Amino acid sequence: MTARTTRRPLAAVILGLALTLTGSLPAQAADQRGPDPTVQSIEAARGPFATSTSRVSSLVSGFGGGTIYYPTDTSQGRFGGVVVAPGYTAGESSIAWLGPRLASQGFVVFTIDTLTRVDQPASRGRQLLAAADYLTQRSDVADRVDPARLAVMGHSMGGGGTLEAAKSRPGLKAIIPLTPWNLDKTWPEITTPTLIFGAQNDSVASVVTHAWPFYQTLPATTPRSYLELRGASHFAPNLSNTTIAKYSIAWLKRFVDDDQRYTQFLCPAPADTALSDVRTSCPF
């Protein structure tokens, strides 16, 4: 009988060498940044990373300029990028609170202005993608951002724009529509992991005609969650909001960084008194 040689994958060889030399698994996987998370850490106003900012002129092409918030730590490799767009008639200042809050958790965050205050969701989707390309290719911090790990967020028509962006660019790692508005109610094309925030008392983009049908029409194979903010209005995302922040951080960590430590905050569906309705495709 002829002996058969089995080739071990390189990763298995490296893992075996690590076990031989140390007697244990490496303490932290490469996609994990920061200490082990807790409820307190994702609810905190600031995370473990010190941050700085870089302004982007409104004269850039494709969107209306904005502010980049980024971790100053250069020892962690490249960070995932998150672009955030405001809603109809609103400016960057309406979503600026998300910049330092998310960046301090280990992301490069770009809060943008749109070309005009009345741009519709399809236009805002294109602008989110243009800003993502600027962030990874031409910005002052391009070398800090992993172009393969990008997400978009947006409020109202900006939230509708995140769905448009994911439809055009399925390679996005995550989208987070915040009390989203869009005339298109069905999104069977979306394969990007999607976290939708609705607001129970939204009289501008009622959850019945916007957030909820958006969620219901996502494919069954798409990782997705729907979180409805109890007693909240359409404009809840325009002020610092711990509920929005904590689950957004968990979603971005889970799907942009593929950091499994954050799944605990998403699955099983959170039993949170700040939420009036919760739906999810757990497990993922």
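Below: a short report on this structure. Since the model is a prediction, treat every value here as computed from it, not as a measurement.

**Quick word on the overall build of the chain**
Here is step 1: Tallying secondary structure elements over the chain gives seven helices and nine strands in all.
Here is step 2: Scored against the burial criterion, the 284 residues of the chain give a buried share of 55%.
Here is step 3: Expressed as a percentage of contacts within the chain between residues at least 6 apart in sequence, the contacts between residues at least 24 apart total 69%.

**Quick look at unusual backbone geometry**
Here is step 1: For the bond running from Cys-267 to Pro-268, omega is 0°, close enough to zero to count as cis.
Here is step 2: If you trace the backbone, Pro-268 turns up in the loop between helix H7 (242–255) and strand S9 (275–280).
Here is step 3: Put simply, Cys-282 and Pro-283 share a cis peptide bond, and its omega is 0°.
Here is step 4: A positive phi is found at Thr-179, a non-glycine position, where the angle reads about 35°.
Here is step 5: On the basis of relative accessible area, Thr-179 is assigned to the buried category, the value being 2%.

**Details of the environment of Pro-37**
Here is step 1: Summarising the element assignment, Pro-37 is placed in the loop between helix H1 (10–22) and helix H2 (39–43).
Here is step 2: Considering only alpha carbons, one finds Pro-37 and Arg-261, 224 residues apart in sequence, at a separation of 7.1 Å.
Here is step 3: Residues within four places of Pro-37 in sequence aside, it is in contact with Arg-261, Tyr-262, Gln-264 and Phe-265.

**Focus: H7**
Here is step 1: The terminal C-alpha atoms of H7, which comprises 14 residues, lie 20 Å apart, in line with the 20 Å expected from a rise of 1.5 Å per residue.
Here is step 2: Taken across its 14 residues, H7 has 13 buried, putting it largely inside the fold.
Here is step 3: Between a side-chain oxygen at the N-terminus of H7 and the backbone nitrogen of Thr-243 the separation is 3.0 Å; the capping residue is Asn-241.

**Digging into the packing of helix H4 (residues 121–137) against helix H5 (residues 157–168)**
Here is step 1: Look at H4 against H5: their axes get within 7 Å of each other, and the N-to-C directions meet at 65°. For the pair H4 and H5, the sense of crossing is right-handed. Contacts between H4 and H5 involve Pro-121, Ala-122, Arg-124, Gly-125, Leu-128 and Leu-129 from the first element and Met-157, Gly-158, Gly-160, Gly-161, Thr-162, Glu-164, Ala-165 and Ser-168 from the second.
Here is step 2: Classifying every residue of the contact of H4 with H5 by side-chain character gives six nonpolar, six polar and two charged.

**What about the pairing of strand S8 (residues 224–229)?**
Here is step 1: Of all six residues in S8, six are buried; the element is thus mostly enclosed.
Here is step 2: Across the two faces of S8 the burial is the same, with Arg-224, Tyr-226 and Glu-228 and Ser-225, Leu-227 and Leu-229 all buried.
Here is step 3: In the sheet, strand S7 (residues 194–199) pairs with S8 via six bridges, with the strands oriented parallel. Across the sheet, the residue bridging to Leu-195 is Ser-225, located in S8.
Here is step 4: Taken together, S7, helix H6 (residues 211–216) and S8 constitute a β-α-β crossover, and its handedness is right-handed.

Cut-offs applied
- Residues numbered from 1 in each chain as written.
- Predicted model: local features only at pLDDT ≥ 70, side-chain atom pairs only at ≥ 80, totals over all residues.
- Heavy atoms only, no water.
- Helix = DSSP H or I, 4+ residues; strand = E, 2+ residues; numbered from the N terminus.
- Buried < 20%, exposed > 50% of the residue type's maximum accessible area, 1.4 Å probe, protein only.
- Contact = heavy atoms within 4.5 Å.
- Expected span 1.5 Å × (residues − 1).
- Polar contact = N/O pair within 3.5 Å; in protein donor to acceptor, adjacent residues only side chain to side chain.
- Axes fitted to C-alpha atoms, helices over the stretch in contact; angles between N-to-C directions.
- Left-handed = near helix turned anticlockwise from the far one by under 90°.
- Nonpolar A, V, L, I, M, F, W, Y, C, P; charged D, E, K, R; others polar.
- Pairing = 2+ DSSP bridges.
- Right-handed = clockwise from strand over helix to strand, strands pointing away.

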